[in-house]
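# Chains, contacts and geometry: an overview
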Amino acid sequence: QGDPASALLEVLDPEQNAGFLDHYLDVRFDLSKVLFICTANQLDSIPRPLLDRMETLRLSGYLTAEKIAIGRRFLWPKQRAKAGLTAAQAKVSDGALKGIAENYAREAGVRGLEKQLGRIARKAVIETLREDSKPISVTGKNLQEFLGAPIFRKQVPQHGVGIVTGLAWTAMGGVTLDVEATLVHTKNRGFKLTGQLGDVMRESAEIAYSYIASNLDRFDGNREFFDQAFVHLHVPEGATPKDGPSAGITMATALLSLARDQKLRGRIAMTGEITLTGRVLAVGGIREKIIAARRSGIKEIILPESVRGEFEELPEYVQKGMTINFVSQYEEVAALLFK
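In this report, the structure presented in the accompanying data block is examined. (Residues numbered from 1 in each chain as written. Predicted model: local features only at pLDDT ≥ 70, side-chain atom pairs only at ≥ 80, totals over all residues. Heavy atoms only, no water.)

## Concerning the pairing of strand E13 (residues 323-327)
- Counting buried positions along E13 gives 4 out of 5 residues, so the element sits mostly inside the fold.
- Examined bridge by bridge, strand E12 (residues 300-304) and E13 share 5 bridges and lie parallel to one another. Pairing of Pro304 across the sheet is with Val327, part of E13. (Buried < 20%, exposed > 50% of the residue type's maximum accessible area, 1.4 Å probe, protein only. Helix = DSSP H or I, 4+ residues; strand = E, 2+ residues; numbered from the N terminus. Pairing = 2+ DSSP bridges.)

## Some details on the packing of aromatic side chains
- The tally for this structure, following the rule as stated, stands at 7 aromatic pairs.
- Centroid distance Tyr211 to Phe219: 6.1 Å. Interplanar angle 55 degrees. Geometry classified as tilted. As far as burial versus exposure is concerned, Tyr211 and Phe219 are alike and both buried.
- Ring geometry for Phe311 against Phe326: centres 5.9 Å apart, planes inclined by 65 degrees, an arrangement best described as edge-to-face. Of this pair, Phe311 sits in helix H11 (residues 308-312) while Phe326 sits in strand E13, and the two are 15 residues apart along the sequence.
- For Phe326, a relative accessible area of 16% gives the class buried.
- Members of the aromatic cluster, each reached through a chain of ring pairs, are Phe191, Tyr209, Phe225 and Phe226. (Phe/Tyr/Trp six-rings, centres within 6.5 Å; stacked < 30°, edge-to-face > 60°.)

## Focus on unusual backbone geometry
- Even without glycine at this site, Asp26 takes up a positive phi of about 60 degrees.
- Along the chain, Asp26 falls in the loop between strand E1 (20-22) and strand E2 (27-29).
- Taking the relative accessible area as the measure of exposure, Asp26 reaches 58% and is therefore exposed.
- Notably, Asp261 is not glycine yet its phi reads approximately 55 degrees, a positive angle.
- Within the secondary structure, Asp261 is located in the loop between helix H9 (248-260) and strand E9 (268-270).

## Structural notes on helix H13 (residues 330-337)
- Among all positions of H13, only Tyr330, Val333, Ala334, Leu336 and Leu337 are buried. In an axial view of H13, the angular spread of the buried residues amounts to 160 degrees, which keeps them on one side of the axis. (Arc of directions from axis to C-beta.)

Have a look at this one:
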């Protein structure tokens, strides 16, 4: 009926795929000894019954340095040859490759990078056909002449009372998110949450609110602040759906900063989930989140203690120059941020 997911459910069912009936050929096949491999950019679009029959293996995306190496050694020579250009006629510098990877092709793989290099190759062909043509050299400075305005803009984290930079994972890799908290009025107590948040993030926000409100006196705040305050918590980029258990301590810190009327001591990003008792839980996508922080110029990060091993497995050039604070309780987070 044009529904591949339903057909795959039967194909992957070990109880009946030994006699799978192909409705096009009307012939039965024994698929019990066949290994099927499915690839996907994200799991959300895979039907749950089908996903339950699969073993999920998560592969980290390429780092910028890895994309540059792949582009220089494989993708650019391939696109150049496809366009009929020689190495002397067109060159792409590492600076241009870095600019493409960070501003035009942030996806986990290199499909977008190859697509953009193909655009450069085709434009280079047009330039070489001119009578007074010179060798084409694409650098970070003239990249926009070939690809136009960047698709992705550099994220500049904000800094102020009630504003905290969090780290999130998306299908396009890691990103920084500025979580904002503000006091609307003091006429009656309330809590408003906006930002196209999924159920998991809404739950994290409610837990963060309850934890900070019930423990405010432990963090040198006015215990009565939340008794009368109507607080609005917002995660910008409102049109972009956001979900996942990774922003708990970020939201809690934004609320604490607002209640204390004190901004963070410096440019620090963080990721981690929080419980009602203040424990900081593990999150995923550490590799991508570290890269997002580096891209935004942030050198200090707060991570859950339980992901220390994952961080230590990262390449040395990713760890270099970063100050990482591992925490297991939210009291440690507050002590680091409000010295």
